[in-house]
Amino acid sequence: MSEFLVRPLPYCDGCGHRLVANKTVQVLEELQINPHDVVMVSDIGCHGIIDKSLATHTVHGLHGRSVALGAGMAMSLPPNKNVIVFIGDGGATIGLQHLLEAARRNVDLTVVVHNNMLYGMTGGQPSGLTLPGYCTAIAPQGNTLLPYDLCQLVHQAGASYVHRALTGGDLLKALRKAFETDGFSLIEVLESCSERGKKLNEHLKLKDLAKQVELTLGEWRGETRPSFRLSKENKSSLINGVKDVEVEFSSSLEGRLAVMICGSAGEGVQKAAELFAQAALACGLHVTKKGSYPVTVGVGFSTAEVILSQDPIDYHGISEPGVVIVTSQAGLDHNLGRIRAMEEGTVWSDEKIWLDANIKIDAPDVAVAVRDFRGRAGLKNAAIYALLTWIKETGILPVDSLLKMIMQDSIQKYIPPELFREFP
Amino acid sequence: MPSILDGSRLIAEACVQAGADVYVGYPITPSNGIYLYSSHRFPAMLTAPDEITTLQWMAGLSAAGRLPVTATSFPGFALMIESINMAYMMELPMLIILVQRLGPSTGSATVGAQGDLSFLSGLISGGHPLPVFCIADLLDCWRLPPIALQTAINLRSPVVLLTSKEMVMTERSFDMRQLDVVEPVARHFYNDLLPYRSYDPGDGLVPPFLPVGDDIHQVRLTASTHDTQGILVSVADAGLENTRRLEKKIEAHTPLLYDLDEQEGAETLIVTYGITTGAARDAVRAMRKRGRLVSLLVVQTLLPVPDAYYEIMDRYPRILLAEENLQGQMARLLFGHRLPEKVCVVNKNIGKMVEPDQIIQEVQNR
């Protein structure tokens, strides 16, 4: 017995899988490859019971996923290790995406598709690779659907070497080329299941069926390009990217204050909130900041929630905001429910937006202050301007603390200098 | 000096410092922050076309001796489940960070939740437990990933680190001096001269690991019922014994992690986990300020459920569980669908975090 085999092959008499396995072993021996330099990854299907016969490393996974599983290994193992994936036509149909992705990346492995025209283990149903006219248990008159042209698909996706063969002919040559290829190679072997297919299809020849739908036998060679291997880079710590903020101001805040900034996407709301949070940090406060916006990101509302506290903040939800700053119509629309639910606090709004909306606040402890944010600062700077205005008028933080954060940030380039003159 | 940062950053950094060497993922909200940070930090990064590929690549990388990490949210995690079962059966170490968002289905991608515990508890076919740890606060974003990775190696198992949108995406002031040095995980491969058997645990419960491709020993891995060599055996005794061992090793060796803040004389114990921890800590602080005696158990090892939690809860005549889902999934996990008289649940919230006042009211109502 071959040094690659520790037990006889388990296949039915006359099964094409036996021929494929024997030829694979023959070629590996001819290439003088050590069995421990081969990782045989097998899919679900008759071909997959080869594991226990082999002296190579063996990995037996899920139906349709073996190419992705093998790709993970091939990306990581050194080039002298040969990853071979045995898969059936059913598995190749399930895992088509995995085949295309491995080909696209030119992962260094060889896929051998045992296309025996049907699902052998479950009763002989046709797969996405079954040739038209081939008779199966559920299509005794012959399969009618066109198959995927798997070889063309992986070739187009970027495979280095592809071959469609019958179990005889140039299969040996194809296997040899595939194993010698640095990069993704695939061989589709057309077989007829000896138990579930041959009797139903005695009158048919696979070669003829393939020809009728222009599935050609032979090889496709891809462009020469490097195979895909996992790189290893040393990258700098993410902690280095965190800005330390020096505590050099103080705040008049007592306890905890939740601030909502309600504006529109693309108008700098989240950036303004970030700088405001940094300013609070520079005043020795504890801070949390989060944003919410539609998944489209660039359109609709943009709300930022900032909590300031003299004490550490464990719970960072906002049951009810103490201050709501409104800088756009979308921001107001999205948060109107929360504004109406306020029992105390202050709404600072762009004047035009608030007056046009004609909102009446009944809660006696909710004050409304309107200022011109959008007209004065422009749409892009309305949020940061509103924050500056609010902290200047209330003294909750020193204006200098926020101005300092703005000046340290690239955002300052986009703010007209005359705007800052209001905040000496 | 204080800084502002989010949990995603700490998780990614802690994973790398602990020795995780490849991040594989598909960027689903709200795990996308971890994906982005990981792309800037991991020695290798693989952008997978979908979550099934993610898990299969991870399994392949793990089989080859790497220590892979991914992060996802329910819709992506759901696609991974068959492959997680495969990795569990093959005994491949890896870390899956599950960032919860509001379901069912695609639900609300940018809204937090604690809705995934029930399905995590039945994730492995056969009912086998999968180790699941849960992040309680920003510091846990730093402390738990290394523990989860070491557990994955020690147990030869996929491990889930559970968190939620509000934990990983909220930026918070943080004093970096709180960050301890992360010790790289300790890892040893089989190096005996005797033939290697992939699933032979020797005198213990966890077989030594050896990557595929080894020059000396043959390595066999399989997702099908198998004997100690990794040969498919269906219902033969050797196969079933191996399947039983998989459960035993997780039950026996998953580290017990919790934070117990007991107050002498307290009759109520609040039990919580994950994102609700912040509200529970605030509530406890407020109640104690007013002279109310109350204790708090924050559980970080969620699965398998440790006996220790029952021993702690047995000491209290009143138990209050707080979590952000409709069913009280932790309560059901601990006590089943009919809760004992002494147990109540704060679980009215979906779409927003449990508030401290809700917990306080429930404690006072009793």
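Above: the structure in question.
As the structure is a prediction and not an experimental result, all values here were calculated from the model. (Residues numbered from 1 in each chain as written. Chains lettered and ligands numbered in written order. Predicted model: local features only at pLDDT ≥ 70, side-chain atom pairs only at ≥ 80, totals over all residues. Heavy atoms only, no water.)

*Asks:* Outline the overall build of chain B, supporting the account with residue identities and numerical values.
*Replies:* What chain B contains, in helices and strands, is twelve helices and 15 strands. In terms of C-alpha radius of gyration, chain B reaches 21 Å, essentially the compact-globule figure of 21 Å for 366 residues. Its C-alpha atoms put chain B at 70 × 45 × 40 Å along the principal axes. Taken across its 366 residues, chain B has 63% of its residues classed as buried. Taking all contacts inside chain B whose residues are at least 6 apart in sequence as the whole, residues at least 24 apart take part in 75%. As presented, chain B carries roughly 13100 Å² of accessible surface, and 50% of it is formed by carbon and sulfur atoms. The averaged location of the 40 negative side-chain charges in chain B is 5 Å from the averaged location of its 30 positive side-chain charges. (Helix = DSSP H or I, 4+ residues; strand = E, 2+ residues; numbered from the N terminus. Rg over C-alpha atoms; globule rule 2.2 N^0.38 Å. Buried < 20%, exposed > 50% of the residue type's maximum accessible area, 1.4 Å probe, protein only. Contact = heavy atoms within 4.5 Å. Areas by Shrake-Rupley, 256 points an atom, 1.4 Å probe, with all protein chains shown as cover. Lys, Arg positive; Asp, Glu negative; His and termini not counted. Charge placed at Lys NZ, Arg CZ, Asp CG, Glu CD.)

*Asks:* Please give an account of the overall build of chain A that cites residues and values.
*Replies:* Helix and strand content of chain A: 14 helices and 13 strands. Compactness check: chain A gives a C-alpha radius of gyration of 34 Å against a globular reference of 22 Å for 424 residues, more than 25% above the reference. For chain A, with 424 residues in total, the buried portion stands at 58%. Long-range contacts, defined as pairs at least 24 residues apart, comprise 67% of the intrachain contacts of chain A with a sequence gap of at least 6.

*Asks:* Account for the interface of chain A and chain B, naming residues and giving values.
*Replies:* Interface size is often expressed as the accessible area that is lost when the parts come together. Listed per partner, the contact involves 65 residues of chain A and 70 residues of chain B. When the two sides are added together, the surface that chain A and chain B hide from each other amounts to roughly 5600 Å², 58% of it contributed by carbon and sulfur. Scanning the region where chain A abuts chain B turns up five salt bridges. Measuring nitrogen to oxygen at the nearest pair gives 3.8 Å for the salt bridge that ties E171 of chain B to K289 of chain A. Linking chain A to chain B there are 36 residue pairs in polar contact (both at pLDDT 80 or more). Counting only elements with at least two residues in the side of chain A that touches chain B, the list comes to β2 (57–60), α2 (66–76), α4 (96–105), α8 (269–282) and β9 (286–292) of chain A. (Buried area = accessible area lost by both parts, 1.4 Å probe. Salt bridge = Lys/Arg side-chain N within 4 Å of Asp/Glu carboxyl O. Polar contact = N/O pair within 3.5 Å; in protein donor to acceptor, adjacent residues only side chain to side chain.)

*Asks:* Which residues make up empty space enclosed by the protein, and what values do they have?
*Replies:* The tally for this structure, following the rule as stated, stands at two cavities of 30 Å³ or more. Its boundaries defined by the atoms lining it, the largest cavity holds a volume of some 80 Å³. What lines the largest cavity is a set of 13 residues, among which D314 of chain A together with A136, R172, I275 and G278 of chain B lie closest to the centre. Sort the elements by how many residues they give to the lining of the largest cavity and helix α9 (residues 277–289) of chain B lands first, with four residues. Of the voids in this model, the second largest cavity is the one considered here, and its volume is about 40 Å³. Along the walls of the second largest cavity sit F4, A21, T24, V25, L28, M40, I50, L54, T56 and F86 of chain A, which together make up its complete lining. For the lining of the second largest cavity, the element with the highest residue contribution is helix α1 (residues 16–30) of chain A, accounting for four residues. Looking at the lining of the second largest cavity, its residues break down into eight nonpolar, two polar and no charged. (1 Å grid on protein atoms, 1.4 Å probe; cavity = no way out; pocket = protein on both sides within 12 Å on 5 of 7 lines; lining within 4 Å. Points joined across faces, edges and corners; volume = space filled by probe spheres on them. Nonpolar A, V, L, I, M, F, W, Y, C, P; charged D, E, K, R; others polar.)

*Asks:* Any details on the pattern of salt bridges? Residues and values, ideally.
*Replies:* Residue and element names in this part refer to chain A. For the structure on display, the rule yields 40 salt bridges over all chains. Put simply, E274 and K271 hold a salt bridge, and the shortest N to O gap is 3.6 Å. Here E274 pairs with K271, and both are found in helix α8, just three residues apart, close to one helical turn. The class of E274 is partly exposed, set by a relative accessible area of 26%.

*Asks:* For the sheet that holds strand β15 (residues 343–346) of chain B, give the residues involved together with the corresponding values.
*Replies:* Residue and element names in this part refer to chain B. Strand order in the open sheet made by the five strands is β10-β12-β11-β14-β15, with mixed pairing throughout. A single partner strand is all that each edge strand has here, and the edge strands are β10 (258–261) and β15. On average, adjacent strands in this sheet sit at an angle of 20° to one another, irrespective of strand direction. Relative to strand β12 (residues 295–299), β10 runs antiparallel, the two being bridged by four bridges. When the sheet's bridge partners are listed, D259 is paired in β12 with V298. The strands touched by α9 within the sheet are β10, β11 (268–272) and β12, with β12 carrying the most contacts at an inclination of about 170°. (Pairing = 2+ DSSP bridges. Axes fitted to C-alpha atoms, helices over the stretch in contact; angles between N-to-C directions.)

*Asks:* Quick one: what's the story with the sheet that holds strand β8 (residues 256–264) of chain A, residue by residue and with numbers?
*Replies:* The strand order across the open sheet formed by eight strands is β13(A)-β12(A)-β11(A)-β8(A)-β10(A)-β9(A)-β8(B)-β1(B), and the pairing between neighbours is mixed. Both edges of this open sheet fall to β13 (365–371) of chain A together with β1 (2–6) of chain B, since each of them pairs with a single strand only. Averaged over all neighbouring strand pairs, the angle between strand axes comes to 20°, with direction disregarded. Note that β8 of chain A and strand β11 (residues 323–326) of chain A share four bridges and pair parallel. The residue of β11 of chain A that forms the bridge with M260 of chain A is V324 of chain A.

*Asks:* Lay out α4 of chain A with the relevant residues and their values.
*Replies:* Residue and element names in this part refer to chain A. Across the ten residues of α4, seven count as buried, placing the element largely inside the fold. Taken together, the buried positions of α4 are L96, H98, L99, E101, A102, A103 and R105. Directly beyond the C-terminal end of α4, a positive phi value near 55° is found at N106.

*Asks:* Can you explain the environment of A71 of chain A? Please cite residues and give values.
*Replies:* Examined against the element boundaries, A71 of chain A turns out to sit in helix α2. The buried category is assigned to A71 of chain A, whose relative accessible area is 1%. Along the primary structure A71 of chain A and W348 of chain A are separated by 277 residues, whereas in three dimensions their C-alpha atoms are 57 Å apart. Excluding anything up to four places from it in sequence, A71 of chain A contacts V107 and L109 of chain A together with W57 of chain B.

*Asks:* Got a sec to walk through the environment of R18 of chain A? Specific residues and values, please.
*Replies:* All names here are of chain A. As for its position among the elements, R18 is in helix α1. Overall, R18 belongs to the partly exposed group, its relative accessible area being 25%. Taking the C-alpha atoms as reference points, R18 and T167, 149 residues apart in sequence, are found 9.6 Å from one another. When neighbours within four sequence positions are excluded, R18 is seen to be in contact with L9, Y11, C12 and D13.

*Asks:* Just give me the short version of the nonpolar core, but keep the residues and values in it.
*Replies:* As a rule of thumb, nonpolar side chains are buried together in soluble globular proteins. Among the nonpolar cores identified, the biggest contains 98 residues, and M73, L99, V111, F184 and L186 of chain A together with L302 of chain B are the most heavily contacted of them. Once residues within four sequence positions are removed from consideration, M73 of chain A is found in contact with V39, V41, V59 and V83 of chain A together with G60, L61, A63, A64 and V212 of chain B. L67, A148, A152 and V182 of chain B belong to the second-largest nonpolar core, a separate cluster that totals 60 residues. (Core = buried A, V, L, I, M, F, W, Y, C linked by side-chain atoms within 4.5 Å.)

*Asks:* Which residues make up the layout of surface pockets, and what are the values?
*Replies:* Empty space within the largest pocket amounts to approximately 800 Å³. What lines the largest pocket is a set of 35 residues, among which Y293 of chain A together with D6, Y37, M169 and E171 of chain B lie closest to the centre. If you list the elements that add at least two residues to the lining of the largest pocket, you get α8 and β9 of chain A together with β1, α1 (7–18), α2 (32–41) and α7 (165–169) of chain B. Its residues placed into classes, the lining of the largest pocket shows 15 nonpolar, twelve polar and eight charged.

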